[in-house]
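The chain contents come next:
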Amino acid sequence: RWLTKAILDIRQGDAESGLKALREHDLLRTGENDEALKERMVGDWMKNPVNYRRKLMIAGTRAEVSELNGLARASRRSRGELMGEDVLLDVRPRDSEATMKKAFAVGDRIVFGLKDRHLGIGGEGVQNGCYGTIEKMQKRLVGRSAVLTVRLDDGRRMVFDTGMKMKLAPKHERQKGKLIEFARYNFIDHAYAITVHKSQGQTVENCFVLASDRMTDREWGYVALSRSKGATALYATESQMDTLAENLSRSRMKGTSLDYEVIDKKALRGADASLDVDVMIGQSRGGLRGVSRQDRSVVEQEREI
């Protein structure tokens, strides 16, 4: 497919060819400034007929992701797709982050940010990076917390409390005399847009990628643009267009295993099973050190700002 070749051209440093192919298929889109560009990107994402579970916006920084998520929620709210009033919750999108206030509503798409093998009334458990849709919210009378019912994308229904609660301690703790323990799970965030780092391993139908002055380079572009098996659109401001090809051709590889992200052969091949992706990936790895022996090799360093 032409898109697979365009992405691998960028991966190998020939960004001019890759961007030319995107432009010819109307998938290199511009905006006068940052604000106009983000609004266009969210508008295109909203108009795309694919189910929300199968399309994703990707950006370089958490600040950009937060802004895109806010625009997406506003658009969905104006369409009547979010039900009831917004409920402010104290959440921690990542285990390493401090608690922050964010608004959620029934219908919101969320992503789980921390693995918990026992989460849920039935102890079903979730993995870091699981996605789902809020089906029901029961706000707590005290504090910014609620009991959420979430339908996971794998079909399971998860019920959990984002506030502090008491639960029976595990058996080994009860044997030590500890009968109850306090726990909560509030590691959730909106899931309309995510960072390039968070997108590692993801494969969706359509992707909408926001270029960033500080984050755009060859490895960043390859990872961000290779997340879809359908169409991928790249968005840049008019001022960024002057240096976009140069930036996407620049490599920051240092040869350590910490610098790399995934090469997903299944995602690259997409609908065209005839492509010899193994050979193409092998060519794209030329000169790289520290490449994993597995089918996936890391090329994206976490650079979330």
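Up top you'll find the structure we're talking about.
Here's what I pulled together on the structure shown here. Remember, predicted model here, so these are calculated numbers, not experimental data.

Structural notes on the environment of Arg76
Within the fold, Arg76 resides in helix α4 (residues 62-78). Along the chain, Arg76 and Asp108 lie 32 residues apart, while their C-alpha atoms are 8.9 Å from each other. Residue contacts for Arg76: discarding those within four places in its chain leaves Met46, Tyr52, Glu81, Leu82, Gly107, Asp108, Arg109 and Tyr192. Within the structure, Arg76 has its side chain in polar contact with the backbone oxygen of Gly107 (distance 2.8 Å).

Some thoughts on helix α1 (residues 2-11)
The buried fraction of α1 amounts to eight of the 10 residues, a majority that puts the element mostly inside the structure. Residues of α1 that are buried: Leu3, Thr4, Ala6, Ile7, Leu8, Asp9, Ile10 and Arg11.

Looking at the pairing of strand β5 (residues 109-112)
Both faces of the sheet carry side chains from a regular strand, because those side chains alternate between them. Side chains of β5 alternate between two faces, with Arg109 and Val111 and Ile110 and Phe112 buried alike. As defined by bridge partners, β5 adjoins strand β6 (residues 131-139) across three bridges and the pair is classed as antiparallel. Across the sheet, Val111 pairs through a bridge with Tyr131, a residue of β6. Bridging between β5 and strand β11 (residues 188-190) involves three bridges; their strand directions are antiparallel. In the sheet register, Phe112 faces β11, and the bridge partner there is Ile188.

What about the nonpolar core?
Counting residues in hydrophobic clusters, the biggest one holds 49 residues, and the most contacted among them are Leu19, Trp45, Met57, Leu68, Leu234 and Leu244. The contact partners of Met57, leaving out residues within four places of it in the chain, are Met41, Val42, Trp45, Leu68, Ala72, Tyr192, Ala193, Ile194 and Phe208.

Regarding the side chain of Arg227
Looking at the secondary structure, you find Arg227 in the loop between α6 (218-225) and β14 (228-237). Judged by relative accessible area, which is 1%, Arg227 ranks as buried. A distance of 2.9 Å separates the side chain of Arg227 from the side chain of Ser226, its partner in a polar contact.

Reading the values: the criteria
Residues numbered from 1 in each chain as written. Predicted model: local features only at pLDDT ≥ 70, side-chain atom pairs only at ≥ 80, totals over all residues. Heavy atoms only, no water. Helix = DSSP H or I, 4+ residues; strand = E, 2+ residues; numbered from the N terminus. Contact = heavy atoms within 4.5 Å. Polar contact = N/O pair within 3.5 Å; in protein donor to acceptor, adjacent residues only side chain to side chain. Buried < 20%, exposed > 50% of the residue type's maximum accessible area, 1.4 Å probe, protein only. Pairing = 2+ DSSP bridges. Core = buried A, V, L, I, M, F, W, Y, C linked by side-chain atoms within 4.5 Å.

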